[in-house]
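# Reading the structure
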Amino acid sequence: MSDILRVTGLVKHFGGLAAVDGVSFAVEANQIFAIIGPNGAGKTTTLDLVSGLLTPTAGRIEVLGSDVSAATPAQRCHAGLGRAFQVVQPFPEMTLRENVLVGALFGTPGRTRADAERRADAALELSGLAALADVDAEDLTLMQEKRLEIARALATEPSVLLLDEVMAGLRPAEARDAVALVKRVRDSGVTIVFIEHVMPVVRDLADRVLVMDHGKVVVEGSYAEVTQDARVIEAYLGKEEVA
Ligand SMILES: Nc1ncnc2c1ncn2[C@@H]1O[C@H](COP(=O)(O)OP(=O)(O)OP(=O)(O)O)[C@@H](O)[C@H]1O
Ligand SMILES: [Mg+2]
């Protein structure tokens, strides 16, 4: 089967709030799959459930056909799920290479240090950070921090890379670079699931778009399909990006 990630009936309650309320979707190998929706729609919670940071109230998550619903985040990482976070938290007093090496060592235990170093350098190269490998992470611009976050996740050699608002706060030229980076990562054979508010970025990147609101799936389809959907226009009421 070509579905690399399959989520079925995912539910997460926080007390009385159903932050994620029966979400199902499937991502095919080598797709770029976007999750969009208003603030508080449940997008980050969905990725937290997929990556194992949160335990679902109900539902099933499969990666490459195996059920990882009860697996720890580390086990899911080893199963092929890589994650870049909405809030970037590098180790500030370590160099970029050292930061990425942590990801390389964590992602694939049992391999040699030399192998981890090779993968760290490859991830830095792919992320456009090779020239900054020996710079301390505390000295980075926001764009460089986002690239580092992607490099750290790539060093775990994921089959699926989960990206949460990696374009947020970037200037338009930087966002274009980030779009090119995501395409490059996909072309290297990684399937991508990303959360994004900036609609032109979604249009340029996404093969499929899942729209969420109030914890539920509103609609799933191509960018053209979902942006013509009356329910989506309503969910984004007043947001000119969709127009
Ligand atoms: N740990 C938590 N405890 C309680 N409520 C939470 C928790 N995390 C998220 N929520 C709530 O769950 C809902 C969904 O939050 P989530 O962060 O998934 O939204 P989002 O779609 O990522 O929004 P944004 O676009 O603002 O990042 C919100 O109402 C939020 O306040
Ligand atoms: Mg979020």
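Just so you know, these numbers come straight off a predicted model, no measurement behind them. (Residues numbered from 1 in each chain as written. Chains lettered and ligands numbered in written order. Predicted model: local features only at pLDDT ≥ 70, side-chain atom pairs only at ≥ 80, totals over all residues. Heavy atoms only, no water.)

What follows covers the sheet that holds strand β9 (residues 208–213). In space, the six strands of this open sheet follow the order β6-β7-β8-β3-β9-β10, with mixed pairing throughout. Bordering the open sheet on either side are β6 (81–84) and β10 (216–221), each of which pairs with just one other strand. Going from strand to strand, the sheet's axes swing by 20 degrees on average, the running direction of each strand aside. The pairing of strand β3 (residues 32–36) with strand β8 (residues 191–195) spans four bridges and is parallel. Bridging from a neighbouring strand, isoleucine 35 pairs with isoleucine 195 of β8. Here helix α5 (residues 142–154) sits on the sheet in contact with β6 and β7 (160–164), set at roughly 165 degrees to β6. (Pairing = 2+ DSSP bridges. Helix = DSSP H or I, 4+ residues; strand = E, 2+ residues; numbered from the N terminus. Axes fitted to C-alpha atoms, helices over the stretch in contact; angles between N-to-C directions. Contact = heavy atoms within 4.5 Å.)

Below, the discussion takes up the packing of α5 against helix α6 (residues 172–187). Two packed helices can be described by the angle between their axes and the distance between those axes. At a minimum axis distance of 11 Å, the contact between α5 and α6 shows a crossing angle of 10 degrees. Classified by the interaxial angle, the pair formed by α5 and α6 is roughly parallel. When α5 is examined against α6, the residues Met143, Arg147, Ile150 and Leu154 are found in contact with a partner set consisting of Glu174, Asp177, Ala178, Leu181, Arg184 and Val185. (Parallel < 35°, antiparallel > 145°, perpendicular 65-115°, else oblique.)

Let us now look at the sheet that holds strand β4 (residues 58–63). Read from one edge to the other, the open sheet built from four strands follows the order β2-β1-β4-β5, with strand pairing classed as antiparallel. Each edge of the open sheet is held by one strand with a lone partner, namely β2 (17–28) and β5 (66–67). Against the sheet, helix α1 (residues 43–51) engages β1 (3–14), β2 and β4, with an angle of about 115 degrees to β1.

Domain annotation of the chain identifies domain 1 (1–80 + 158–243) and domain 2 (86–157). Centre-to-centre separation of domain 1 and domain 2, based on C-alpha positions: 23 Å. Across the boundary between the two partners, domain 1 contributes 22 residues, which contact 16 residues of domain 2. Taken together, the connections running from domain 1 to domain 2 amount to zero salt bridges. Applying the counting criterion to the domain 1 and domain 2 interface returns three residue pairs in polar contact (both at pLDDT 80 or more). Within the residue set of the side of domain 1 that touches domain 2, elements represented by two or more residues are α2 (73–79), β7 and α6. No other element matches the six residues that α6 contributes to the side of domain 1 that touches domain 2. A breakdown of the residues in the side of domain 1 that touches domain 2 according to their chemical character gives 12 nonpolar, five polar and five charged. (Domains from an automatic or database assignment. Salt bridge = Lys/Arg side-chain N within 4 Å of Asp/Glu carboxyl O. Polar contact = N/O pair within 3.5 Å; in protein donor to acceptor, adjacent residues only side chain to side chain. Nonpolar A, V, L, I, M, F, W, Y, C, P; charged D, E, K, R; others polar.)

On to the pattern of salt bridges. In total, this model carries 17 salt bridges according to the counting rule given. Close ionic contact of arginine 83 with aspartate 48 constitutes a salt bridge, the shortest N to O distance being 2.9 Å. One end of the pair, arginine 83, is in strand β6; the other, aspartate 48, is in helix α1, with 35 residues separating them in the sequence. There is no split in this pair, since arginine 83 and aspartate 48 are both buried. (Buried < 20%, exposed > 50% of the residue type's maximum accessible area, 1.4 Å probe, protein only.)

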